[in-house]
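Architecture and fold: a report
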Amino acid sequence: MSTATLNAPTEQAQATDASVTQPHQANDAALRFITCGSVDDGKSTLIGRLLVDTRAVLQDQFAGITKSGETDLALLTDGLSAEREQGITIDVAYRYFSTEQRKFIIGDAPGHEQYTRNMVTAASSADAALVLVDATKLDWKNPQLELLPQTRRHSLLVNLLRVPSLIFAVNKLDAVEDPALAFAHIRNQLAAFAQAAGITVRATVPVSALKGINVVDATPGWAGYEGPSLLQLLHTLPATPADRELPLAFPVQWVEKFSSSADTTQGRRVFWGRVAAGAASVGQQVTLLPSNQTATIAQVLDHVREPGDVEAGNSAGIVLDREVDVSRGDWIVASVENTQPVADDDFDDAPASQPAWKGQRELQATVAWMDDEPLVPGRVYLAQHGHRWIKAKVRRVVHRLNINTLAEEDAEKLEANAIGHIELLLQEAAPVAPFTEARVLGSMILVDTASHKTAGAVLIRS
Amino acid sequence: MNARTEPALLSQLSNRHLDALEEETIFILREVAAAFERPALLFSGGKDSLVMLRCAEKAFGAGRLPYPLLMIDTGHNFAEVTEFRDFRAKELGAELIVRSVEDSMARGTVRLAHPGESRNVHQSVTLLEAIEEFRFDALIGGARRDEEKARAKERIFSHRDSFGQWQPKAQRPELWTLFNTRLAPGEHFRVFPISNWTELDVWQYIDREKIALPSIYYTHKREVVERKGLLVPVTELTPPKDGEEVVTRDVRFRTVGDITCTCPVESTAATAGDIVIETLAAEVSERGATRMDDKTSEASMEKRKKDGYF
């Protein structure tokens, strides 16, 4: 995919006050991170520890987790009665805390395989993931120690979803006889697994959530570790990058019509949405998909200003220079000069430009299946891509990923919580791209036509 | 370690993160306008709904709100809030629909166990009746995940069955910003555009945007009695009990709801900026300090939400 030079910010825009042209600096937003890993690895306790030690827990909330003098940090996040009854986390709890340096939003994801869909929900909007590993559950004296399946599954999902940072937090090291040896062995095994799976790990940190060791303040030398504490690491993590370097892609969320005669541009329509890739600026040539009409951007509106240009991640309104048929679900994409030599006999029909993102009906994808009803080839689902709903037929399951061996196995269908590779046929062409290149264009959900449940998270491969 | 312990840091408190929150809220408000046929925005005149309304003004432009405002009136409201609600709706040129618990009582669909009972919980019945009457398919609310543990679990687009029930164990996965808004007949969605805002964010935003609020959010003198660690306002509906001493205090409301279950906190904060500082220093949560009805059981909010409460 080529990078369109016409999207580069103009000199004028760069010279303007940054607070006006770039109101959404990544480091000004909260860092959204999730905690995941296997059941009882101490996720809820770790969050409780972070909240208590950064003084984000208030007196009445603290009283609610203390029964007969014993404080159970996990109760801060397990908010459903069924969770307290069973002592497990069923759904994501979102918690908020801040330090001098940064605001944080935590998604406390459930560890049970049965609730993987909720973990995927939390991961899809996260800037970072802490995968907790319980040192007491592993045979760390064995050089060939086996990681737990959920450690593998969650790491793979975090990686698939392109969460920018993955941190392994090796927990409960206070409860093993030789923390340094245990941490060294577990860290080696995690590194070997990550390398085999192609997962980039930002850090591996030893912690004791229960005792608060190396969570907020660093504890140099503990478990043979000299690096930053978990919170110190969290302060340094990047937010999710927007796909700004790509050609413009703008999914039309809502079409607003103005009919007021007081409006100088009577009959004008504004196409509202959030820039999915690249940037939109006045004067830019664009193509409307799926109709393939072309137009020029006449006006770019922010919600309070008329900034002239907006980039990936910003919500905006686009006004075009001519009347074209555009409705919710359509895409406004950059046009690029057609550089292909045109055959003489086609000359009269040749377009002057072509869309930077072309429509596609057949695609290869990785899918994380979340519904109890298995994914079956031949079945038609509803796919949501941007703001468009398209019928999608699963042509075949190419393979299913074995979480433990990372082997690609033959499969007829995908059961709940499976990760697999599928071929999809869309009823209409959509401007898709590999998820590794463009997040919004490369992602869709599959919805069951009968139950309306969100059944699959689709990450487009090609 | 954090701002809570270091008041000197307040002057440096960044509010740039509010842009990202505002952006998310506007995106959701527009999504509701586009994806549903008959949405409504629940509007009480309280601070959270006024913050939502400011975001809606930015999303749609002044005077062009694409959905009506809906108020479920318990009949036990603070007059300052009701008056402000009406004033703000008129100022915006918005359609305001009011449905009242009193009417449900007259119809016999709501029966109180005793006359002094809080009507807060009964709002669910009136709300579901309004949903049926207007065939609303999406109701936008100002609930925040930091308010309460059950709310911390809820999706931004929260699916409700034909009985208006929330099913916490069967929530739809919510991936990226692909909101699955598919409905079967009789079902609806509750949508929470300010899910990710905290009480502090709300006050910082009110301060930054100079949003006008009902006067009782700021310090005023009020007759109260001290009861179980709360300051209970003395009103016709909440008279002092035998032996309780009525005192006058400088107070403000952190949250505003049904008179019979909402308490003020002691405060001399006269501006949103003052309240930002107080919120940073607060040792008790918004609900813990102010709500009588949440204390009954750990799961009371979850239970009410399952019954169709907002």
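Residues numbered from 1 in each chain as written. Chains lettered and ligands numbered in written order. Predicted model: local features only at pLDDT ≥ 70, side-chain atom pairs only at ≥ 80, totals over all residues. Heavy atoms only, no water.

Looking only at helices and strands, one finds nine helices and 25 strands in chain A. Residues classed as buried in chain A amount to 56% of the 462 residues present. Partitioning the contacts of chain A with sequence separation of at least 6, the portion at a separation of at least 24 is 69%. Looking at chain A as shown, the accessible area adds up to about 18700 Å², and 47% of this sits on carbon and sulfur atoms. (Helix = DSSP H or I, 4+ residues; strand = E, 2+ residues; numbered from the N terminus. Buried < 20%, exposed > 50% of the residue type's maximum accessible area, 1.4 Å probe, protein only. Contact = heavy atoms within 4.5 Å. Areas by Shrake-Rupley, 256 points an atom, 1.4 Å probe, with all protein chains shown as cover.)

Glancing now at the pairing of strand 1 (residues 31-37) of chain A. All names here are of chain A. Taking burial as the measure, the seven residues of strand 1 include six buried ones, the bulk of the element. Looking at chain direction, strand 1 and strand 5 (residues 103-108) are connected through five bridges and run parallel. Paired with I34 across the strands is G107, a residue of strand 5. Bridge count for strand 1 against strand 6 (residues 128-134) is five bridges, and the pairing is parallel. What sits directly across from T35, in strand 6, is L130. (Pairing = 2+ DSSP bridges.)

All names here are of chain A. Mapped onto the secondary structure, R400 falls in strand 21 (residues 388-401). In this structure R400 comes out as partly exposed when scored by relative accessible area, which is 26%. In this structure, the C-alpha to C-alpha distance between R400 and L414, residues 14 residues apart in sequence, is 7.2 Å. Not counting the four nearest positions on each side in its chain, R400 is found in contact with A407, E408, E409, D410, A411, K413, L414, A418, I419 and G420.

All names here are of chain B. Taken together, the six strands give an open sheet; going across it, the order is 3-2-1-4-6-5, and neighbouring strands pair in mixed fashion. Of all the strands in the sheet, just strand 3 (96-100) and strand 5 (157-160) have a single pairing partner and so form its edges. Each neighbouring strand pair of the sheet contributes to a mean axis angle of 30 degrees, computed without reference to strand direction. Sheet topology places strand 1 (residues 39-42) next to strand 2 (residues 69-73); two bridges connect them, and they run parallel. Bridging across to strand 2, L42 finds its partner in L70. This element, helix 3 (residues 79-92), spans strand 2 and strand 3 of the sheet and lies at about 150 degrees to strand 3. (Axes fitted to C-alpha atoms, helices over the stretch in contact; angles between N-to-C directions.)

The next point concerns the sheet that holds strand 7 (residues 165-171) of chain A. Residue and element names in this part refer to chain A. Read across the sheet, six strands follow the order 4-5-1-6-7-8 without closing on themselves; strand pairing throughout is mixed. On the outer flanks of this sheet lie strand 4 (93-98) and strand 8 (203-206), each paired with one strand and no other. Pairs of neighbouring strands in the sheet enclose a mean axial angle of 25 degrees, with direction left out of account. Alignment of strand 4 against strand 5, held across six bridges, turns out to be antiparallel. Note that in strand 5 the partner of R95 across the bridge is I106.

Moving on to helix 8 (residues 179-197) of chain A. Residues and elements named next belong to chain A. Here helix 8 contains 19 residues, and its C-alpha end-to-end distance of 26 Å stays within 8% of the 27 Å for a straight helix at 1.5 Å per residue. For helix 8, the set of buried residues is A182, F183, I186, L190, F193 and A194. Down the axis of helix 8, the smallest arc covering the buried residues is 100 degrees, so these residues share one side. Residues of helix 8 that are exposed and angled more than 90 degrees away from the buried face: N188, Q195 and A196. At its buried positions, helix 8 is contacted by strand 6, helix 7 (149-160), strand 7 and strand 8. (Expected span 1.5 Å × (residues − 1). Arc of directions from axis to C-beta.)

Now for the side chain of R172 of chain B. Note that R172 of chain B resides in the loop between strand 5 and strand 6 (188-191). The charged side chain of R172 of chain B is buried without a salt bridge, its nearest counter-charge being E187 of chain B at 4.7 Å. From its side chain, R172 of chain B meets the backbone oxygen of N180 of chain B in a polar contact 3.2 Å long. Look past the residues within four positions of R172 of chain B in its chain and what remains in contact with it is S451, H452, K453 and T454 of chain A together with R155, H159, N180, T181, R182 and F189 of chain B. (Lys, Arg positive; Asp, Glu negative; His and termini not counted. Salt bridge = Lys/Arg side-chain N within 4 Å of Asp/Glu carboxyl O. Polar contact = N/O pair within 3.5 Å; in protein donor to acceptor, adjacent residues only side chain to side chain.)

A few words now on the packing of helix 1 (residues 17-35) of chain B against helix 6 (residues 199-209) of chain B. Residue and element names in this part refer to chain B. Contact geometry for helix 1 and helix 6: axes closest at 11 Å, N-to-C directions at 95 degrees. If you check the angle between helix 1 and helix 6, you find them roughly perpendicular. Across the interface between the two elements, H17, L18, D19, L21 and E22 of helix 1 pack against D201, Q204, Y205, R208 and E209 of helix 6. Tallied by class, residues from the contact of helix 1 with helix 6 come to three nonpolar, two polar and five charged. (Parallel < 35°, antiparallel > 145°, perpendicular 65-115°, else oblique. Nonpolar A, V, L, I, M, F, W, Y, C, P; charged D, E, K, R; others polar.)

One broad rule of soluble globular proteins: the nonpolar side chains tend to lie buried together. In terms of nonpolar packing, the biggest core is built from 81 residues, with F33, I34, M119, L173 and I186 of chain A touching the most fellow members. When residues no more than four places from it in sequence are discounted, the contact partners of I34 of chain A are G107, M119, A122, A123, A126, A128, A129, L130 and V158 of chain A. A59, W197, L213 and F253 of chain B belong to the second largest nonpolar core, which has 61 residues in total. (Core = buried A, V, L, I, M, F, W, Y, C linked by side-chain atoms within 4.5 Å.)

In this structure, P290 of chain A follows L289 of chain A across a cis peptide bond, with omega equal to 10 degrees. Here P290 of chain A lies in the loop between strand 13 (285-289) and strand 14 (294-301). Residue N417 of chain A is not a glycine yet carries a positive backbone phi of 75 degrees. For N417 of chain A, a relative accessible area of 9% corresponds to the buried category. A positive phi angle, near 55 degrees, is found at K210 of chain B, a position not held by glycine. With respect to the helices and strands, the residue K210 of chain B is situated in the loop between helix 6 and strand 7 (220-227). For K210 of chain B, a relative accessible area of 65% gives the class exposed.

All names here are of chain B. Counted according to the given criterion, the structure contains 39 salt bridges over all chains. Close ionic contact of E199 with R254 constitutes a salt bridge, the shortest N to O distance being 2.8 Å. Of this pair, E199 sits in helix 6 while R254 sits in the loop between strand 9 (247-252) and strand 10 (265-266); the two residues are 55 residues apart in sequence, bridging distant segments of the chain. Across this residue pair, the class does not change: E199 and R254 are buried.

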